[in-house]
Amino acid sequence: MMAAGTFIVARLSGVISRLSTAGAVVSGIVFVGMTLLVLSEVVLRTFFSTSTLISGEYSGYALSAMVYLGLAFSFREGAHIRISFVRDRIHGIARFVLEIFCHLFVLVICGLSSIYLWDMVRVSKMRNMTAYTVAETPLYVPQSIVFVGLCLLTIQIAARLLHLVFSGPAALEKESGP
């Protein structure tokens, strides 16, 4: 049973790992697009005394997209900031229990946030809500991108939690190194 569970967790981890990487790649593409948008705004204002009228709004949306689409990849790579003064001082089963607790806590927070965000996207779409800007961007569009990023993070956390549960305390010892 444990071997089958470990195999399934490994397969799921592989899938979410690829999805996390895809989110990071899209985040990078969005960064390039945002840079080009801001650059074009600067050129238009400097040399042609005109504006795109959307660069501020869309740069904000792009920034949100970059952050949220990159969260799962950052989590997988251990790039999130961790306050580890307690974690580094304990070992063995106590550290394992702490890691499980922390992952469960974060999973619940991200899961609840995803549910709330989905409701916000749904209501924005249902009410045809738009931004109070010249572009009148339908708000569900940028909200949906943030929702996808948060879902990727939630699934990445769940995959990590399952890996810990099925691998046991030995998984943490392998990560610690010398």
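See the structure shown above.
Residues numbered from 1 in each chain as written. Predicted model: local features only at pLDDT ≥ 70, side-chain atom pairs only at ≥ 80, totals over all residues. Heavy atoms only, no water.

This next bit is on unusual backbone geometry. Backbone geometry at Ser49 places phi at a positive 50 degrees, although glycine is not the residue there. Here Ser49 lies in the loop between helix 1 (2-48) and helix 2 (55-76). Residue Ser49 is classed as exposed on the basis of its relative accessible area of 71%. Even without a glycine there, the phi angle at Asn128 is positive, about 50 degrees. (Helix = DSSP H or I, 4+ residues; strand = E, 2+ residues; numbered from the N terminus. Buried < 20%, exposed > 50% of the residue type's maximum accessible area, 1.4 Å probe, protein only.)

One way to put it is that helix 3 (residues 92-126) packs onto helix 4 (residues 140-167) with a least axis distance of 9 Å and a crossing angle of 160 degrees. It follows that helix 3 is roughly antiparallel to helix 4 by the angle criterion. As for how helix 3 packs across helix 4, the hand of that crossing is left-handed. (Axes fitted to C-alpha atoms, helices over the stretch in contact; angles between N-to-C directions. Parallel < 35°, antiparallel > 145°, perpendicular 65-115°, else oblique. Left-handed = near helix turned anticlockwise from the far one by under 90°.)

What follows covers the packing of aromatic side chains. Counting across every chain of the model gives 3 aromatic pairs. Measuring from centroid to centroid gives 5.6 Å for Tyr58 and Tyr61, while their planes differ by 65 degrees, and the two rings are edge-to-face. On the criterion of helical spacing, the pair formed by Tyr58 and Tyr61 is a turn pair, its members being 3 residues apart in helix 2. Owing to a relative accessible area of 22%, Tyr61 belongs among the partly exposed residues under this scheme. When the centroid spacing of 5.3 Å and the interplanar angle of 45 degrees are considered together, the rings of Trp118 and Phe147 count as tilted. Placement of the pair is Trp118 in helix 3 and Phe147 in helix 4, with a sequence separation of 29 residues. (Phe/Tyr/Trp six-rings, centres within 6.5 Å; stacked < 30°, edge-to-face > 60°.)

Purely spatial values, then, with no claim about function.
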